[in-house]
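Here are the chains, one letter per residue:
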Amino acid sequence: MGDVSSVSYSYHTKPRIIICMECIAIIASSTTMLFPRYSKQKKVIRLDKAVTSIPKAAFSNYNKLVSVVLSDGLEDIGDEAFKCCRSLEEIIFGKGVQSIGAEAFSECKSLKRIALPSSVKVIENGTFAGCTSLLEVQLSEQGIVTIGRGAFRDCVSLVHITIPSSVHVIESDAFDGCTSLREVHLAEGLQTILDLRAFQGCNSLKKINIPSTFSSIAGGAFHGCTSLVEVHLCEGLRTIDKAFQGCVSLLHVKIPATVLAIEGGAFDGCILLKSVHLYDGLVIIGKAFQGCTSLAMVVIPSTVTTIEGGAFHGCTALKGVQFSNDGQVKIIGKAFQDCTSLERIQIPYSVTSIEGGAFNGCTSIREVKVIDKYIERHRLSINYAFENCTSMTHVHIPSSVSELDGGAFSRCTSLEKVFLSEGIRSVKNAFQHCTSLEFVLIPSSVYDLDCGAFNECTSLKHIGLCEGTVLVGNAFQGCTSLMHVSIPPTVTDVYDGAFNGCSQLSYVMLCDGLIAIEDSFHDCKKLVEVELPSTVTIVHKSFVECSALMKLGLCTGLLSVRSEQFFGCRSLKYIDISSTVTEIGERAFIGCF
């Protein structure tokens, strides 16, 4: 026999089995046995029942090997034991096998079928990875507990798999890249955790049924399963992570009432998803439905408290979002950004914060209504929430809103009417570039207007400022249609470019009570006359380049006229300077001729 050699060993008092790359020897207590070493040309290997373990890489790269029969006495198969046996078609496992090592049969590209006995509890990492001809896998109902990381990765011929109820964990990438896998049966009673990317890239999988005994589906579990049309989720499930990201064929999904949180990316990029049914019990909607461009309607359950940023971002077909009037939503993050088909939105009274960009770029929104059920309710904060909602025509801000800030309605270019309720305390950078807005009434509860509140509202012709407002900062800069303004006596400071660039402003009424005017009326080229009230003590660079200004009355309380105060007022002809003025800056009237 040209492919066999023999090695002898001295005996031991207890039986011991040794198998190595050079030889296989069976050593009994009373005698020495000889066992042939297998040549790499061998096609069939049958291991003696006395052999209990196969060490690491024992038969790795035996490329002629076609069939392996393992005896009932074999207990352990070492890591990489049969790795890259590219002609291996058949493995018959004995009933006593307890462990199969990592990558033990990986890259066995001719292997077609395997049936694991109930004695095997763990399929280690990469055990059958890259077995590209593997068609059938039989897992014992009473055996497997864990399917390890990448255990069947890239088994591109595998068509179906049944995961028995004994399995507790399917680890990451277990079936990643099984591109022919059409059917996965997860047995009822299965308490498995689907780990990261467990079935990622199984792009032939069409249907999946998640048993009621599942508590969570981890991130990427079915990521990129591009043929997945139907997902059935049972009561009992608690959380869904990035489970179905990129499942571009998924049409409908029902989230059971036991689910508390749908985490970020759960259904991200499911571009054909038309309907999502959410039920009471759900608490948090994370960045879950981003880019679901076919989703048309969503009803937010009353139990939801938080809708996180990006939850429905880019759902371009979404026309309706329905909140429960008695709901518990408190925070709406950047949730509906670029939902370009959304036409109207009603914010429930429970909401305390609408975060920056919540409805940014919803170019079809025409109407926003904030429910104000109770007089004594919490305060609502709105920041950059409706920026670039270019179809919005009117908005009613209730008294529950304490501050309008951070570009709340910035660049809503069709906004014509704004109703601000008593109770609002501050308006800052809220309506910048609302180029269709013509009139606004500021309620008496507003303490300060600042930070570009109505800057560049180029159609704004009239503003009503009520007694109660104290500070008017950079609020109306660039309102090129504004013609008249009356500053109420409660205002103490007009500052920081408040009316700079209001090129049509021809009349300004300033009342006693005003103390400081700083950098506030630059380039008001139609302004002809200004009379400063007696309470004003500070004027600083406030009428620069008011080229039509002809008459100026400086009040009795003013002590000095600072340098370049009236720079470029080239039409100035009459100045009434009070006797209280003790100092005039050397360039105070430069350019006045």
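Refer to the structure presented above.
Computed from a predicted model, the values in this text were never measured in an experiment.

A. View of the overall build of the chain. Each helix and strand in the chain was counted, giving 0 helices and 50 strands. Against the 2.2 N^0.38 benchmark of 25 Å for 593 residues, the chain shows a C-alpha radius of gyration of 39 Å, more extended than a compact globule. On the principal axes, the C-alpha backbone points of the chain span a range of 130 × 50 × 35 Å. Burial statistics for the chain: of 593 residues in total, 50% are counted as buried. Contacts in the chain between residues at least 24 apart in sequence constitute 29% of all its contacts with a sequence separation of at least 6.

B. Spotlight on the environment of Pro398. Position of Pro398 among the secondary structure elements: in the loop between β33 (394–397) and β34 (401–405). It is 45 Å that separates the C-alpha atoms of Pro398 and Ser563, two residues lying 165 residues apart in sequence.

C. Focus on the sheet that holds strand β45 (residues 529–531). Read across the sheet, 3 strands follow the order β45-β47-β49 without closing on themselves; strand pairing throughout is parallel. Of all strands in the sheet, those with a lone pairing partner are β45 and β49 (574–576), marking the two edges. The average undirected angle you get between the axes of adjacent strands in this sheet is 5°. Relative to strand β47 (residues 551–553), β45 runs parallel, the two being bridged by 3 bridges. Paired with Glu529 across the strands is Lys551, a residue of β47.

D. Broad picture of the pattern of salt bridges. Tallied over the full model, the rule gives 10 salt bridges. Residue Lys83 pairs with Glu103 through a salt bridge whose shortest N-O separation is 2.9 Å. Placement of the pair is Lys83 in the loop between β6 (76–77) and β7 (90–92) and Glu103 in the loop between β8 (99–100) and β9 (113–116), with a sequence separation of 20 residues. Since its relative accessible area comes to 31%, Glu103 is described here as partly exposed. Here Arg570 ties to Glu545 by a salt bridge, and the two come within 3.6 Å at their closest N and O atoms. With Arg570 in the loop between β48 (560–561) and β49 and Glu545 in the loop between β46 (538–540) and β47, this residue pair connects regions lying 25 residues apart in the sequence. In this structure, a network of salt bridges that share partners links the residues Arg153, Asp173 and Arg197.

E. Layout of the sheet that holds strand β37 (residues 439–442). The strand order β29-β31-β33-β35-β37-β39 describes an open sheet built from 6 strands, whose pairing is parallel. Each edge of the open sheet carries a strand with a single partner, namely β29 (344–347) and β39 (462–465). Adjacent strand axes in the sheet meet at a mean angle of 5° when their direction is disregarded. Across 4 bridges, the pairing between β33 and strand β35 (residues 417–420) is parallel. Residue pairing across strands places Val395 opposite Val418, the latter belonging to β35.

F. A look at the side chain of Ser140. Inspection of the secondary structure assignment puts Ser140 in the loop between β11 (136–139) and β12 (146–147). For Ser140, a relative accessible area of 16% corresponds to the buried category. Residue contacts for Ser140: discarding those within four places in its chain leaves Leu116, Pro117, Ser118, Pro164 and Ser166.

G. Structural view of the pairing of β29. Burial of the side chains of β29 is restricted to one face: Ile345 and Ile347 are buried, whereas none of Arg344 and Gln346 on the reverse face is. Where β29 and strand β31 (residues 367–370) come together, 4 bridges link them in parallel fashion. Within β31, the residue paired with Arg344 across the bridge is Glu367.

H. Structural view of the pairing of β37. Side chains of β37 alternate between two faces, with Val440 and Ile442 buried and Phe439 and Leu441 left unburied. In the sheet, β35 pairs with β37 via 2 bridges, with the strands oriented parallel. Residue Val418 lies in a different strand from β37, and its bridge partner there is Val440. Strand direction decides the pairing type here: β37 and β39, joined by 4 bridges, are parallel.

I. Fine view of a nonpolar patch on the surface. A contiguous nonpolar patch, built from Ile575, Ile577 and Ile584 and spanning about 220 Å² of accessible area, is present on the exposed surface. Note on placement: Ile584 falls in strand β50 (residues 583–584). Residue classification places Ile584 among the partly exposed positions, given a relative accessible area of 45%.

J. Geometry of the environment of Cys84. Along the chain, Cys84 falls in the loop between β6 and β7. Once the C-alpha coordinates of Cys84 and Ser60 are considered, the two residues, 24 residues apart in sequence, prove to be 6.0 Å apart. Once you skip the residues sitting within four places of it in the chain, Cys84 turns out to touch Asn61, Asn63, Ser106, Glu107 and Cys108.

K. A look at the packing of aromatic side chains. Enumeration over the complete set of coordinates arrives at 25 aromatic pairs. Measuring from centroid to centroid gives 5.0 Å for Phe59 and Phe82, while their planes differ by 10°, and the two rings are stacked. Taken together, the residues span a long stretch of sequence, with Phe59 in the loop between β4 (53–54) and β5 (67–69) and Phe82 in the loop between β6 and β7 at a distance of 23 residues. What makes Phe59 buried here is its relative accessible area of 3%. Between Phe82 and Phe105, the ring centres sit 5.2 Å apart and the planes meet at 0°, which makes this aromatic pair stacked.

L. Quick look at unusual backbone geometry. One non-glycine residue, Asn61, adopts positive backbone phi at about 65°. Mapping Asn61 onto the fold places it in the loop between β4 and β5. Of note, the phi angle at Glu545 is positive, near 60°, even though the residue is not glycine.

M. Structural detail: the state of the cysteines. Counted according to the given criterion, the structure contains 0 disulfides. Cys234 takes part in no disulfide bond, and the closest cysteine sulfur to it belongs to Cys247, at a distance of 17 Å. A relative accessible area of 17% places Cys234 in the buried class. Unpaired in this structure, Cys569 has its nearest cysteine sulfur neighbour in Cys592, at a distance of 5.0 Å.

Scoring rules and cut-offs
- Residues numbered from 1 in each chain as written.
- Predicted model: local features only at pLDDT ≥ 70, side-chain atom pairs only at ≥ 80, totals over all residues.
- Heavy atoms only, no water.
- Helix = DSSP H or I, 4+ residues; strand = E, 2+ residues; numbered from the N terminus.
- Rg over C-alpha atoms; globule rule 2.2 N^0.38 Å.
- Buried < 20%, exposed > 50% of the residue type's maximum accessible area, 1.4 Å probe, protein only.
- Contact = heavy atoms within 4.5 Å.
- Pairing = 2+ DSSP bridges.
- Axes fitted to C-alpha atoms, helices over the stretch in contact; angles between N-to-C directions.
- Salt bridge = Lys/Arg side-chain N within 4 Å of Asp/Glu carboxyl O.
- Patch = residues over 30% accessible without salt bridge, like charges linked within 9 Å, V, L, I, M, F, W, Y side chains within 5 Å.
- Areas by Shrake-Rupley, 256 points an atom, 1.4 Å probe, with all protein chains shown as cover.
- Phe/Tyr/Trp six-rings, centres within 6.5 Å; stacked < 30°, edge-to-face > 60°.
- Disulfide = S-S within 2.5 Å.

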